[in-house]
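Below are the chains, spelled out letter by letter.
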Protein chains: 2
Amino acid sequence: MSATSDIIAAAPDRSRLDTLAAHGVWAPPLIPLDTALAPHRELCLAHLRWLLARGCHGIALFGTTSEANSFSLAERMALLEHVVHAGLAPERLMVGTGCCAVPDSIRLTRHALELGCKKMLMLPPFYYKSISDEGLYQSYSHVIEAVADAGLRIILYHFPKMSAVPISFELIERLLGAYPGIIAGVKDSSGDWAHTAALLERFPALTIFPGSETLLLEGLRAGGAGCLTAGANINPAGIRQVFDAWYRGTGEAQAAQAKASDLRRVLDQHALIPALKHVLAHHQAEPQWRAVRPPLVRFDEAMGEALIAELDARGFNLA
Amino acid sequence: MSATSDIIAAAPDRSRLDTLAAHGVWAPPLIPLDTALAPHRELCLAHLRWLLARGCHGIALFGTTSEANSFSLAERMALLEHVVHAGLAPERLMVGTGCCAVPDSIRLTRHALELGCKKMLMLPPFYYKSISDEGLYQSYSHVIEAVADAGLRIILYHFPKMSAVPISFELIERLLGAYPGIIAGVKDSSGDWAHTAALLERFPALTIFPGSETLLLEGLRAGGAGCLTAGANINPAGIRQVFDAWYRGTGEAQAAQAKASDLRRVLDQHALIPALKHVLAHHQAEPQWRAVRPPLVRFDEAMGEALIAELDARGFNLA
């Protein structure tokens, strides 16, 4: 197959994208902290606006990259209120609401719905391991039945390396049978293309987001929704270029993808969240951005300088 | 070495036990639930009193066996208040207060201290994996500095198979250097005797609890504090017999240990928490005991009948 026919074959089905709960480039935002390690609301709001202005289709607040599980429920709810009351459109937000305790997941989900946010990124309860599909089904089912809102849209959060509680295809199938429409998609942070491809094949109607921009173009070509990726915190425009080039069929998608993947591969050599915060601190000349909540630790200064030098040498312009 | 000299060599150092933050047989209680899956306070209180009456030296509320991470902070605090206000002596309680979010750990620890409970069983933050010792040190340090109570006694909770966040010897060493007295011990739920033995050798002044009664006698002989074990929920008297026989040097410790270990090995073939609840439901003729919070699921009825039959056949009297 020639490059030209490949481009033609990859011409996007726009109407399909519009049927999904979400599509495009979604950023799970880093949350800047103040000197007391509380969320820095002004910096945070500015960052979310910058992400949207630089091309992100949406913001998935309170996933892994947001250090969400390191915050209390009260801190999470207060920050979401601040963001929504400041005028960010709830349609452009997805909210992480999956906790270890089902009552906590219910509380956060209700709260987000009350603020007009319909899309939830939902981890399974993640303390107990080797949990049965029946147990995970009941966990999600309890939340869905308790909030009882037909507008709810759940993106199941599959991140086996971090949560250590994978979401099986059988579980998705069963949830989908019981709650069609409400079970809207999967964020696949397995990092395994074979897994993402199998999800796309088995659940063509769902919103499937690979968890890394390295799989964006491959995913889009196979029917994926885009990507929901930590890398968007520092490279929103570069990742958006991949999406736009594919969407418009301009033939530049592969080159844009190579560039975005190149940056991500540099980042993946480091502790991702502290490294990303270091890069933002440098580029915004705002040292407070480096702060993280325990158990994460700040990025090492010397390693940070080397990382910045490497990004500069590769010509990445994050300004 | 003859059996007699072994018994003499194993004669306990009573004064040593009394220097520990806790010793003997500690039960991490199952928490019975009502039909709405909320903690069943009356059944719970009766269970705690039964555990103490049947020989447990203490109760370690809100560990893994208590399904603690499946409850909201409000539920945990309300149940602890109920238990303390009902008259259970705070000295005989240890409270699980380690959460993913440091502010939650601080809140639960302060609350327990206000109720007169000094001993905390503290998980590390367990969402992020491959966390550095520095990150875990900062997590524990933040809690200790925030509650600022010299009476605080922390039993570090090492349960790598469940939390997936191990507590290294280097971390214990560092915490001990910074907070002597406050860092009081380790609950070692690794299930690996070599790990428990190494802990005992390196930290002889700490309260080291193996996480299973199968290691009780071996642990006591090597300087361990006793055990803190889920099995005590149905076999408190049998496990207490091991401790007492060792303590009094009656020469019956090994036989008592063999019997207790035999029961535990039967239990270990099953999902432990649902299985234990099933056994209590059967022996108390209280079907409500079978309820668990998602993501756990009730023990299968047929498997439960087989388990009860097996326990009966082996002559275990749990009444």
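So, a few notes on the structure that sits alongside this text. (Residues numbered from 1 in each chain as written. Chains lettered and ligands numbered in written order. Predicted model: local features only at pLDDT ≥ 70, side-chain atom pairs only at ≥ 80, totals over all residues. Heavy atoms only, no water.)

### Details of the pattern of salt bridges
Two side chains with opposite charge may pair up if their charged atoms get near one another. Quick reminder of the rule: Here a salt bridge means any side-chain nitrogen of Lys or Arg lying within 4 Å of a carboxyl oxygen belonging to Asp or Glu. Here a strand is any run of E in DSSP of at least two residues, a helix any run of H or I of at least four, and the numbering for each starts at the N terminus. Between buried and exposed lies partly exposed: a residue is buried under 20% and exposed over 50% of the maximum accessible area for its type, with that area taken using a 1.4 Å probe on protein chains only.
For the structure on display, the rule yields 22 salt bridges over all chains. Put simply, glutamate 67 of chain B and lysine 277 of chain B hold a salt bridge, and the shortest N to O gap is 2.6 Å. Of this pair, glutamate 67 of chain B sits in the loop between strand 2 (58-61) and helix 4 (73-85) while lysine 277 of chain B sits in helix 13 (residues 272-284); the two residues are 210 residues apart in sequence, bridging distant segments of the chain. Lysine 277 of chain B shares its class with glutamate 67 of chain B; the two are buried. Between glutamate 173 of chain B and arginine 202 of chain B there is a salt bridge whose closest N-O contact spans 2.8 Å. In this pair, glutamate 173 of chain B sits in helix 8 (residues 169-178) while arginine 202 of chain B sits in helix 9 (residues 193-202), placing the two residues 29 residues apart along the sequence. Residue classification places arginine 202 of chain B among the partly exposed positions, given a relative accessible area of 37%. One connected set of salt bridges, linked through shared partners, spans Glu213, Arg264 and Asp268 of chain A.

### What to know about the sheet that holds strand 3 (residues 93-96) of chain B
Residues and elements named next belong to chain B. The criterion, for reference: Pairing between two strands is assigned when DSSP locates at least 2 bridges connecting them. Where helices are involved, their axes are fitted lines through C-alpha atoms of the stretch in contact, as for all axes, and angles between N-to-C directions lie from 0 to 180°.
Taken together, the eight strands give an open sheet; going across it, the order is 7-6-5-4-3-2-1-8, and neighbouring strands pair in parallel fashion. At either end of the open sheet lies a strand with only one pairing partner, and these are strand 7 (207-210) and strand 8 (226-228). Each neighbouring strand pair of the sheet contributes to a mean axis angle of 20 degrees, computed without reference to strand direction. Where strand 1 (residues 24-27) and strand 2 come together, two bridges link them in parallel fashion. Looking at strand 2, one finds that alanine 27 is bridged to isoleucine 59.

### Let's talk about the nonpolar core
For clarity, the cut-off: As used in this record, nonpolar core signifies buried Ala, Val, Leu, Ile, Met, Phe, Trp, Tyr and Cys residues forming a set joined through side-chain atoms within 4.5 Å. When checking whether two residues touch, look at their non-hydrogen atoms; a contact exists if any pair is within 4.5 Å.
Leu80 of chain A together with Leu80 of chain B are the most contacted members of the largest nonpolar core, which has 225 residues in total. Sorting elements by how many residues they give to this core places helix 13 (residues 272-283) of chain A first, with seven residues. In contact with leucine 80 of chain B, not counting residues within four places along its chain, are Leu61, Phe62, Leu93, Val95, His111, Ala112, Leu115 and Cys117 of chain B.

### Details of the state of the cysteines
Selection criterion: To count as a disulfide, a pair of cysteine sulfur atoms needs to be within 2.5 Å.
All told, the structure shown has zero disulfides over all chains when counted by the stated rule. Note on cysteine 117 of chain A: no disulfide assigned, nearest cysteine sulfur contributed by cysteine 44 of chain A at a separation of 13 Å.

### So, the interface of chain B and chain A
For the record, the criterion: Two parts lose some accessible area (1.4 Å probe) when they are put together, and adding that loss for both gives the buried area. Here a polar contact is taken to be a pair of N or O atoms separated by no more than 3.5 Å, where protein atoms must pair a possible hydrogen donor with a possible acceptor and residues adjacent in sequence count only if both atoms sit in side chains. For this classification, the nonpolar set comprises Ala, Val, Leu, Ile, Met, Phe, Trp, Tyr, Cys and Pro, the charged set comprises Asp, Glu, Lys and Arg, and every other residue, Gly included, is treated as polar.
Between chain B and chain A, the residue contacts involve 39 residues of the former and 39 residues of the latter. Summed over both partners, the interface of chain B with chain A buries about 2900 Å², with 67% contributed by carbon and sulfur atoms. Where chain B packs against chain A, one counts zero salt bridges. Our count for the contact surface shared by chain B and chain A stands at ten residue pairs in polar contact (both at pLDDT 80 or more). When residues in the side of chain B that touches chain A are grouped by element, the largest group, six residues, is from helix 6 (residues 133-147) of chain B. Split by residue class, the side of chain B that touches chain A holds 22 nonpolar, ten polar and seven charged.

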